[in-house]
Amino acid sequence: MALVTPPLHTPLCDLLGCRWPILLAGMGGVARHRLAGAVAHAGGFGVLGMVREPPHRLRAEVEALRAAGIEHFAVNLIPAATAPALLEQQISTCLDLSVPWMVLFWDVDQRLIRRLKDAGVGVIHQIGASGDAQAAVDAGADVLIAQGVEAGGHVRGRMTTFSLLTELIPWSPVPVVASGGIAEGRGFAAALTLGAQGVSLGSTFLATDEANAHDHHKRRLIQARGEHTVYTTTFDRNWHEPAPVRVLANRVTRGDYDDLKSQGRDQIIGEQDGQPVYLFSTDSPLQGASGDLDDMALYAGQSCGAINAIEPAAHRIQQLVTGAEKALRRR
């Protein structure tokens with residue numbers, strides 16, 4: 001008897017209102033409306049990366065996404081890394097705009113989750129360990145993103161993506177999404193085979209035409225392999241705690257910046273969005289940034305070795321879908 005290939009359309013697609021269970025990671029500054037819209041139009045789920053952004057920009061990005069015809073999307077915030085007054089303004093803006101979904105990360109703020117749920121907002125929470133997953137579920141989160149240590153950007157836990165999936169999926173009462181170390185169809189298929197209902201991808205969408213990352217960051221990423229990434233706490237200047245990140249190695253991660261050491265941590269190395277970028281800042285270089293771009297945090301996951309070109313986001317999604325379908329048929 002012939003085996004029936006498991007469909008890529010999972011129950012998560014019906015919950016989020018997308019064709020494919022492929023979520024854009026809410027990369028701060030990088031995942032703005034142009035990228036979120038491109039992902040959504042190609043059948044994925046768009047997420048706006050609005051971490052520490054002022055309310056006027058959050059409003060403008062949501063309105064631009066809706067003007068492009070996108071109604072099913074999320075806004076990503078990191079409460080623990082945001083000043084309380086700004087966070088309250090962000091949440092109030094999202095509620096005023098009737099944002100349908102929120103993606104939260106880092107510490108689990110159960111009061112905030114309940115507030116969002118009471119307001120009718122769906123909550124997706126990215127976690128890195130079972131304890132945070134249980135806390136998020138207890139508070140009412142609708143979806144969990146299981147982030148493995150292979151992921152780029154800020155990394156919450158210490159387990160690999162697939163090990164974390166194996167631990168979470170047997171007991172989780174809500175859909176689990178895989179994140180970290182996945183950039184092409186085989187990894188997508190592997191996550192589904194383990195029981196994940198979707199994937200959340202950062203690096204693979206950073207290297208797209210629509211991403212708001214600086215071209216220098218995109219070029220460095222597509223030239224790199226997984227071994228060129230570094231798990232480090234070096235970039236912590238504007239974060240609330242010395243938290244680990246995964247970035248591409250540069251002279252800052254190697255400690256090879258003698259020309260800057262004498263000026264200490266207050267050394268300005270660049271500018272973007274009208275604001276200075278300091279040495280050791282968590283800011284990655286965005287479009288329009290100037291200065292010592294390679295000394296900034298060049299976020300990249302260990303999947304970067306599978307990303308070899310800068311392409312439209314729609315092409316990337318089609319490659320993921322085709323590759324996953326092929327892998328599942330072979331299985």
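Look above for the structure.
Residues numbered from 1 in each chain as written. Predicted model: local features only at pLDDT ≥ 70, side-chain atom pairs only at ≥ 80, totals over all residues. Heavy atoms only, no water.

A. The sheet that holds strand β13 (residues 275-278), seen in detail. Strand order in the open sheet formed by 3 strands is β13-β12-β14, and the pairing between neighbours is antiparallel. Each edge of the open sheet carries a strand with a single partner, namely β13 and β14 (290-291). For strand β12 (residues 268-272) and β14, the ladder comprises 2 bridges, and the chain directions are antiparallel. Within β14, the residue paired with Glu271 across the bridge is Ser290. (Pairing = 2+ DSSP bridges. Helix = DSSP H or I, 4+ residues; strand = E, 2+ residues; numbered from the N terminus.)

B. The arrangement of the pairing of strand β3 (residues 73-77) in detail. Taken across its 5 residues, β3 has 5 buried, putting it largely inside the fold. Covered by surrounding structure in β3 are Phe73, Val75 and Leu77 together with Ala74 and Asn76, the residues of both alternating faces. Strand direction decides the pairing type here: strand β2 (residues 46-49) and β3, joined by 4 bridges, are parallel. The residue of β3 that forms the bridge with Gly46 is Phe73. In the classification by handedness, the crossover that spans β2, the intervening helix α3 (residues 55-67) and the parallel β3 is right-handed. As judged from the 4 bridges shared by β3 and strand β4 (residues 101-104), these two strands associate in the parallel manner. Bridged to Leu77 within β4 is Leu104. In this fold, β3 hands off to helix α4 (residues 84-96), which returns the chain to β4; that crossover is right-handed. (Buried < 20%, exposed > 50% of the residue type's maximum accessible area, 1.4 Å probe, protein only. Right-handed = clockwise from strand over helix to strand, strands pointing away.)

C. Layout of the packing of aromatic side chains. Here the structure, examined in full by the defined rule, presents 2 aromatic pairs. Ring geometry for Phe105 against Trp106: centres 5.3 Å apart, planes inclined by 90°, an arrangement best described as edge-to-face. The burial state of Phe105 is the same as that of Trp106; both residues are buried. Between the aromatic rings of Trp106 and Trp239, the centroid separation amounts to 5.7 Å while the plane-to-plane angle is 85°, which identifies the pairing as edge-to-face. A residue pair is termed long-range when its members are at least 10 positions apart, and Trp106 in the loop between β4 and α5 (110-118) and Trp239 in the loop between β10 (229-232) and β11 (245-248) qualify at 133 residues. The buried category is assigned to Trp106, whose relative accessible area is 2%. Ring-pair connections join several aromatic residues into one group, and the members of that group are Phe105, Trp106 and Trp239. Above the plane of the ring of Trp106 lies Arg156, whose end atom (NZ or CZ) is 5.0 Å from the centre. Over the face of the ring belonging to Tyr278 we find Arg237, whose NZ or CZ atom lies 4.0 Å from the ring centre. (Phe/Tyr/Trp six-rings, centres within 6.5 Å; stacked < 30°, edge-to-face > 60°. Lys NZ or Arg CZ within 6 Å of the ring centre and 35° of its normal.)

D. View of α5. Here α5 has its buried residues at Leu112, Ile113 and Leu116. Across the axial projection of α5, the buried residues extend over an arc of 100°, all falling on one side. Exposed residues lying more than 90 degrees from the buried face of α5 are Arg111 and Asp118. Considering only its buried residues, α5 is in contact with α4, β4, β5 (122-127) and α6 (130-139). Positive phi shows up at Gly120, right after α5, with a value of about 85°. (Arc of directions from axis to C-beta. Contact = heavy atoms within 4.5 Å.)

E. Fine view of the packing of helix α8 (residues 185-193) against helix α12 (residues 313-330). Interaxial distance between α8 and α12 falls to 7 Å at its minimum, and their mutual angle equals 60°. Classified by the angle their axes make, α8 and α12 are oblique. As for the relative orientation of α8 and α12, their crossing is right-handed in sense. Of α12, the residues touching α8 (which contributes Gly185, Arg186, Phe188, Ala189 and Thr193) are Leu320, Gly323, Ala324, Ala327 and Leu328. (Axes fitted to C-alpha atoms, helices over the stretch in contact; angles between N-to-C directions. Parallel < 35°, antiparallel > 145°, perpendicular 65-115°, else oblique. Left-handed = near helix turned anticlockwise from the far one by under 90°.)

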